[in-house]
Amino acid sequence: DAMVIQNPRYQVTQFGKPVTLSCSQTLNHNVMYWYQQKSSQAPKLLFHYYDKDFNNEADTPDNFQSRRPNTSFCFLDIRSPGLGDAAMYLCATSGPRTGGTYSNQPQHFGDGTRLSIL
Amino acid sequence: AQSVTQPDIHITVSEGASLELRCNYSYGATPYLFWYVQSPGQGLQLLLKYFSGDTLVQGIKGFEAEFKRSQSSFNLRKPSVHWSDAAEYFCAVAEYGNKLVFGAGTILRVKS
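No experiment lies behind these values; they were computed from the predicted model shown.

Now for the confidence of the model for chain B. Per-residue confidence for chain B gives a mean pLDDT of 92; residues scoring 70 or more make up 98%. Taken element by element, chain B is modelled with least confidence in strand β11 (residues 100–102) of chain B, mean pLDDT 90, and with most confidence in strand β3 (residues 19–21) of chain B, mean pLDDT 98.

Set out below in structure tokens:
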């Protein structure tokens, strides 16, 4: 089945130690998103890629960066994790825009990576 | 800025009873609306979406939602709840660029 896969499901890192979360997709979707979801809160968009075009949300901390080496993979890098970065990180994908505008295709989510900071 | 309000943080229903989860949105143009469900420790699964056309949309798992422009609402309904429906439900509106703005979520508990 075509899907969005996040690895690992659980990640533990130390305060200040860089960590990378990965996401892969077999849907061949143009758009890939990273969300942060803290306990009992709604997901919050960090950034997204349309193909190789990177779009950062205005309030995403500089500590968070992303890479998309190809259509299938996208990485979330946290350079110096703080205790406040402990959360579930969700990757999502959506299909291409049509007619020159975003088509508002539904987003397909992976199962997330739960990040803990020691 | 767009916003989504889910006024009920928790809802408890008996198995077999009907369910309605409320969602109100604030959006200037015709909204693109979604309902997602999240089981504990899992990602979000799309239940249904509204883009245009018929205001009553059918989704997976027996869910439906009705778009009411006059009330700025997009409430989710199910005629008979099953224990497996216990989860958290998020209403969302898509902004330009397909950015999803989520409501705070409603946790559904099902009692037997």
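Past the structure itself, the notes keep going.
This part takes up the interface of chain B and chain A. Taken together, the 22 residues of chain B in the interface contact 22 residues of chain A. Both faces considered, chain B and chain A share a buried interface measuring about 1700 Å² in area, 54% of it formed by carbon and sulfur atoms. Area buried by chain B at its contact with chain A is led by B:Leu44, B:Asn98 and B:Phe102, which between them contribute 28% of it. The closest approach of N and O atoms between A:Glu57 and B:Lys99, which form a salt bridge, is 2.9 Å.

With that settled, the discussion passes to the state of the cysteines. Counted according to the given criterion, the structure contains 2 disulfides over all chains. The disulfide partner of A:Cys23 is A:Cys91, and the gap between their sulfur atoms is 2.0 Å. On the sign convention where negative is left-handed, the bridge of A:Cys23 and A:Cys91, at about -75 degrees about the S-S bond, is left-handed. Of this pair, A:Cys23 sits in strand β3 (residues 19–25) while A:Cys91 sits in strand β9 (residues 87–94), and the two are 68 residues apart along the sequence. Two residues share a disulfide in this structure: B:Cys23 and B:Cys91, whose sulfurs sit 2.0 Å from each other. Measuring the twist about the S-S bond at about -65 degrees, one finds the B:Cys23-B:Cys91 disulfide to be left-handed.

Take the nonpolar core next. Residues and elements named next belong to chain B. Leu19, Trp35, Leu47, Leu48, Phe74, Leu76 and Tyr89 are the most contacted members of the largest nonpolar core, which has 26 residues in total. Elements with a minimum of two residues in this core: β2 (10–14), β3, β5 (32–38), β6 (44–50), β8 (64–68), β9 (73–78) and β10 (87–94). Per element, the largest residue contribution to this core is 4 residues, and it comes from β10. Not counting residues up to four positions away in its chain, the partners in contact with Leu47 are Trp35, Tyr36, Val37, Gly59, Ile60, Lys61, Phe63, Leu76 and Tyr89.

Moving on to the pairing of strand β8 (residues 73–78) of chain A. Residue and element names in this part refer to chain A. Of all 6 residues in β8, 5 are buried, a share of seventy percent or more. Judged from the 6 bridges that link them, β3 and β8 form a sheet pairing that is antiparallel. Counterpart to Leu21 in the pairing with β8 is Leu76. Taken together, the 4 bridges between strand β7 (residues 64–67) and β8 define a ladder with antiparallel strand orientation. Looking across to β8, one finds that Arg67 is bridged to Phe75.

Each value, and the rule that gives it
Residues numbered from 1 in each chain as written. Chains lettered and ligands numbered in written order. Predicted model: local features only at pLDDT ≥ 70, side-chain atom pairs only at ≥ 80, totals over all residues. Heavy atoms only, no water. pLDDT = per-residue confidence, 0-100. Helix = DSSP H or I, 4+ residues; strand = E, 2+ residues; numbered from the N terminus. Contact = heavy atoms within 4.5 Å. Buried area = accessible area lost by both parts, 1.4 Å probe. Salt bridge = Lys/Arg side-chain N within 4 Å of Asp/Glu carboxyl O. Disulfide = S-S within 2.5 Å. Core = buried A, V, L, I, M, F, W, Y, C linked by side-chain atoms within 4.5 Å. Buried < 20%, exposed > 50% of the residue type's maximum accessible area, 1.4 Å probe, protein only. Pairing = 2+ DSSP bridges.

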